[in-house]
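Chains, contacts and geometry: an overview
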Amino acid sequence: LPALFDSSYGLGVLLLAALLFGAAHAFTPGHGKTLVAAYLVGERGTVGHAVFLALVTTVAHTGSVIAVAAVLWGVYGNEVPGATQGVLQFLGGLLV
């Protein structure tokens with residue numbers, strides 16, 4: 001990982017990896033896909049409705065992760081304590 005940060009292509013490789021892992025993650029079960037599909041079927045949703053719901057879900061999902069990361073970086077810098085990570089995992093589990 002440090003070699004990627006030192007390389008001129010490192011950021012691009014990391015962003016591409018994040019995109020691919022995110023896309024794979026999006027295809028896995030969960031994330032309310034069944035509820036969204038049921039809503040679209042029940043409301044006779046169009047492709048435009050489906051695209052809009054997908055965009056809103058993406059922005060909310062990614063935005064919340066970026067917000068948590070920004071707060072942690074603002075409070076702790078680059079050294080987030082292990083206890084804080086454990087608390088965040090616990091709270092995330094409760095939310096799920």
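Scroll up to find the structure this text is about.
Overview of the structure. (Residues numbered from 1 in each chain as written. Predicted model: local features only at pLDDT ≥ 70, side-chain atom pairs only at ≥ 80, totals over all residues. Heavy atoms only, no water.)

1. Re the overall build of the chain
To keep it simple, the criterion reads: Strands here mean DSSP runs of E at least two residues long; helices mean DSSP runs of H or I at least four residues long; both are numbered from the N terminus. The quantity called the radius of gyration is restricted to C-alpha atoms. Its globule counterpart is 2.2 Å times the number of residues to the power 0.38. Only protein chains enter the accessibility calculation, which uses a 1.4 Å probe. A residue is then buried if its area is under 20% of the maximum for its type, exposed if over 50%, and partly exposed in between.
For the chain, the helix and strand inventory stands at five helices and zero strands. Along the chain, helices and strands appear, N-terminal first, in the series α-α-α-α-α. Relative to a compact globule of 96 residues, whose C-alpha radius of gyration would be 12 Å, the chain shows 17 Å and is clearly more extended. Judged by the C-alpha coordinates and their principal axes, the chain covers about 50 × 35 × 20 Å. Per-residue burial over the chain gives 4% buried out of 96 residues.

2. What to know about unusual backbone geometry
At Arg44, a residue that is not glycine, the phi angle is positive and equals roughly 55°. By the element assignment, Arg44 lies in the loop between α3 (33–42) and α4 (47–76). Take Arg44: its relative accessible area is 73%, and that puts it in the exposed class.

3. Quick word on the environment of Thr58
The residue Thr58 is located in helix α4 in this model. Assessed through its relative accessible area of 47%, Thr58 is described here as partly exposed. Considered as a pair, Thr58 and Ala70 are 12 residues apart in the sequence and their alpha carbons are 18 Å apart.

4. Topic: the side chain of Thr84
We apply this condition: Only heavy atoms matter for contacts: two residues are in contact if any of them lie within 4.5 Å across the pair.
Within the element layout of this structure, Thr84 appears in helix α5 (residues 82–95). Once residues lying within four places of it in the same chain are set aside, the contact partners of Thr84 are Leu72 and Tyr76.

5. Some remarks on the packing of α3 against α4
Quick note on the threshold: All axes are obtained by fitting lines to C-alpha atoms, using only the stretch in contact for helices, and the reported angles, taken between N-to-C directions, cover 0 to 180 degrees. Should an angle fall under 35 degrees it is taken as roughly parallel, and over 145 as roughly antiparallel, whereas 65 to 115 is taken as roughly perpendicular and any remaining angle as oblique. By definition, turning the near helix anticlockwise from the far helix through less than a right angle yields a left-handed crossing, and turning it clockwise yields a right-handed one. We call Asp, Glu, Lys and Arg charged. Ala, Val, Leu, Ile, Met, Phe, Trp, Tyr, Cys and Pro are nonpolar, and the rest, Gly among them, are polar.
Orientation of α3 relative to α4, taken along the N-to-C sense of each, is 155°, at an axis distance of 10 Å. On the basis of the axis angle, α3 is roughly antiparallel to α4. Crossing geometry of α3 relative to α4 is assigned as right-handed. Contacts between α3 and α4 pair Val36, Tyr39 and Leu40 from the former with His49, Ala50 and Leu53 from the latter. A breakdown of the residues in the contact of α3 with α4 according to their chemical character gives five nonpolar, one polar and no charged.

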